[in-house]
Amino acid sequence: MMNTKRGWHENGTLRYEHPYHDGKPHGLWRGWHENGTIAYGGHYERGKRHGTWRYYYPDGTIAYDYHYHDGAPNNTWREWDPDGTLDYEQRYDHGKKVE
C-alpha cells in the first residue's frame, strides 16, 4: 500500500513530501525551505536510500551531493560552503571509502 506523508512550515508552505510503500520509505523524497525553494531531494527503494541525494541552501545553491547504492554511500560525495566553495569530496565504493 502506498501513502505519502506531508508536512508544512508555520507559514503554510509545503515542508516535505515522503512516500511510503508497505510502511517503508519508497520513491522520491523532497523537502522545501520556508521560502519555497527546494531543500533536498532523493530516492528511497524499499526502505534504503538509492541514487543521488541533493541538499540545497535556502538561496538555491547546492550544499551536498551524495550518492547511494542499496543504502550504502557510493560514488563521489561532495559538500559546498554557502558561497559555492567545494569544502569536502570523498569517493565511496559500495559503502567503503576509496583513498
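Here is what the cut-offs are and how they apply
- Residues numbered from 1 in each chain as written.
- Predicted model: local features only at pLDDT ≥ 70, side-chain atom pairs only at ≥ 80, totals over all residues.
- Heavy atoms only, no water.
- Helix = DSSP H or I, 4+ residues; strand = E, 2+ residues; numbered from the N terminus.
- Buried < 20%, exposed > 50% of the residue type's maximum accessible area, 1.4 Å probe, protein only.
- Pairing = 2+ DSSP bridges.

Below, the discussion takes up the environment of A63. With respect to the helices and strands, A63 occurs in strand β7 (residues 62-69). On the basis of relative accessibility, which here comes to 4%, the residue A63 falls in the buried class. When the C-alpha atoms of A63 and Y40 are compared, they prove to be 9.4 Å apart, with 23 residues separating the residues in sequence.

Every regular strand shows the same layout, with side chains that alternate between the two sheet faces. One ladder, built from 6 bridges, connects strand β6 (residues 48-56) with β7; its direction is antiparallel. Counterpart to G51 in the pairing with β7 is Y68. Between β6 and β7, which follow one another and run antiparallel, lie 5 residues, and G60 among them has a positive phi close to 95°. As paired elements, β7 and strand β9 (residues 75-80) share 2 bridges and run antiparallel to each other.

Note that every value here comes from positions in space, so none of it alone points to a role or purpose.
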